[in-house]
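# Remarks on the overall topology
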Amino acid sequence: MTDANPPAPSRIALKGVRKSFGPKHVLRGVDLDVAKGESMVIIGGSGTGKSVTLKCVLGIIEPDAGEILINGARATARNREALLSRFGMLFQGGALFDSMLVWENVAFRMRHGAHRRPRAEAREIAIEKLRRVGLTPETADLFPAELSGGMQKRVGLARAIATDPEIIFFDEPTTGLDPIMAGVINELIRELVTEIGATAMTITHDMTSVRAIADRVAMIHEGEIRWQGAVGELDATEDPYVSQFIHGRAEGPIAAIR
Ligand SMILES: Nc1ncnc2c1ncn2[C@@H]1O[C@H](COP(=O)(O)OP(=O)(O)OP(=O)(O)O)[C@@H](O)[C@H]1O
């Protein structure tokens, strides 16, 4: 008998992903599924392999073993460009191009690649996206260096959503922001992800981000997913690693020296 309502295929699936650098076994078999429309946040201490995991999904690092499926299709070097063009990405430092105006940064993907749009149209969409993240049209014609860190982060967000991507990645979205601005950015991320209906994958060690952004949380430790569950289950879990991490305790199974 066939299932009348088979579960939707994962948007992002990692199966047994391994990656070592010399003798250092960073990822030791990471298994992770992110469903369509879900916001998954990956937590873990410094140096546990969160960035390496993200870079594997983005194709920046080639895993030694295992596979990564995007919409059920294996991500390979050959189809990577096509896949990447459907992703949005907010980089840790904002990663804006200093020599380009704000709107040109936001419109970058609309001006390059397969789905290129005319300049005026791209600018109009960029201004609309800037407005959506709380920036005025006047901001469009400034250079990134003329903006505060919080505004630069908003520009990065506007760029990440510029092409209405199916999947958005957030790399430490609140790094370098004061707690209030971090809260504002977290809320904005949550709103945007819900509004676009995007699947989101975030890496962070900021617990405020986790609580604001996540539907599900996965904790990586010693190269494996140590725990995963709904964000609401975080506080109730008896896993000593998760508990130590979310309460920021020096004492516990996670060694403080790394
Ligand atoms: N290209 C590389 N070459 C060698 N070692 C690397 C490389 N990239 C990462 N590593 C190592 O892999 C380990 C995991 O790094 P990763 O950047 O994924 O940590 P992280 O969990 O993102 O940490 P943080 O929260 O501090 O950014 C670290 O020990 C790091 O030194």
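Everything quoted here is computed from the prediction, not taken from an experiment.

What counts as what
Residues numbered from 1 in each chain as written. Predicted model: local features only at pLDDT ≥ 70, side-chain atom pairs only at ≥ 80, totals over all residues. Helix = DSSP H or I, 4+ residues; strand = E, 2+ residues; numbered from the N terminus. Expected span 1.5 Å × (residues − 1). Buried ≥ 20, exposed ≤ 12 C-beta atoms within 10 Å, placed from the backbone. Arc of directions from axis to C-beta. Near = placed C-beta within 6 Å. Contact = placed C-beta atoms within 7 Å. Axes fitted to C-alpha atoms, helices over the stretch in contact; angles between N-to-C directions. Parallel < 35°, antiparallel > 145°, perpendicular 65-115°, else oblique. Nonpolar A, V, L, I, M, F, W, Y, C, P; charged D, E, K, R; others polar. Pairing = 2+ DSSP bridges. pLDDT = per-residue confidence, 0-100.

## What to know about helix H5 (residues 119-132)
For H5, spanning 14 residues, the distance from its first C-alpha to its last is 20 Å, which sits close to the expected 20 Å at 1.5 Å a residue. Burial in H5 covers these residues: Ala122, Arg123, Ala126, Ile127, Lys129 and Leu130. Each buried residue of H5 lies within a common arc of 165 degrees when the element is viewed along its axis, so the set occupies one face. Of the residues in H5, the exposed ones pointing more than 90 degrees away from the buried face are Ala120 and Glu121. Backbone geometry just downstream of H5 places glycine 134 in the positive-phi region, at approximately 90 degrees.

## Digging into the site of the ligand
Residues in contact with the ligand, as listed here, are Phe21, Val26, Gly44, Ser46, Gly47, Thr48, Gly49, Lys50, Ser51, Val52 and His205. If you tally residues by element for the shell around the ligand, the top one is helix H1 (residues 50-58), at 3 residues.

## Examining helix H7 (residues 179-196)
The end-to-end C-alpha separation of H7 is 26 Å, in line with the 26 Å expected for 18 residues at 1.5 Å each. Looking at the packing, one finds that the buried side of H7 touches strand E3 (39-43), helix H6 (149-161), strand E7 (167-171), strand E8 (199-203) and helix H8 (207-213). Directly after H7, the chain includes glycine 197, whose backbone phi takes a positive value near 75 degrees.

## Remarks on the environment of glutamate 172
Among the secondary structure elements, glutamate 172 is positioned in the loop between E7 and H7. Judged by local crowding, glutamate 172 falls into the partly exposed class, with 19 C-beta atoms found within 10 Å. Remark: the alpha-carbon pair of glutamate 172 and threonine 202, spanning 30 residues in sequence, is separated by 7.1 Å. Discounting residues that sit within four places of it in the chain, glutamate 172 has contacts with Gln92, Ile203 and Thr204.

## Considering the packing of H6 against H7
Packing of H6 against H7 brings their axes to within 11 Å, and their N-to-C directions diverge by 10 degrees. The angle between H6 and H7 falls in the class roughly parallel. Touching Gly150, Lys153, Leu157 and Ile161 of H6 are Met181, Ile185, Leu188, Ile189, Leu192 and Ile196, all from H7. A breakdown of the residues in the contact of H6 with H7 according to their chemical character gives 8 nonpolar, 1 polar and 1 charged.

## Brief notes about the sheet that holds strand E2 (residues 24-34)
Note: strands within a sheet are paired through backbone hydrogen bonds, in either parallel or antiparallel orientation. Read from one edge of the open sheet, 4 strands run E2-E1-E4-E5, paired in antiparallel fashion. Strands at the two margins of the open sheet, each flanked by one partner only, are E2 and strand E5 (73-74). Note: strand E4 (residues 65-70) against E5, 2 bridges, orientation antiparallel. Bridged to isoleucine 70 within E5 is alanine 73.

## Let's talk about the confidence of the model for the chain
Considering every residue of the chain, the mean pLDDT works out to 88; 94% of them sit at 70 or more. Across the chain, element-level confidence peaks in E3 with a mean pLDDT of 96 and bottoms out in helix H2 (residues 80-84) with 72.

## Here's the deal with the sheet that holds strand E6 (residues 87-90)
The sheet built from 6 strands is open, its strands ordered E6-E7-E8-E3-E9-E10 with mixed pairing. Looking at the sheet topology across the chains shown, the edges are occupied by E6 and strand E10 (224-230). Strand-to-strand twist of the sheet, defined as the mean angle between neighbouring strand axes without regard to direction, takes the value 15 degrees. Of the pairings in the sheet, the one linking E3 to strand E9 (residues 216-221) comprises 4 bridges and is parallel in character. Bridge pairing links methionine 40 to arginine 216 in E9. Packed onto the sheet, H6 meets E6 and E7 and runs at close to 170 degrees relative to E6. Helix H9 (residues 240-247) contacts E3, E9 and E10 of the sheet and is inclined by roughly 105 degrees relative to E9.

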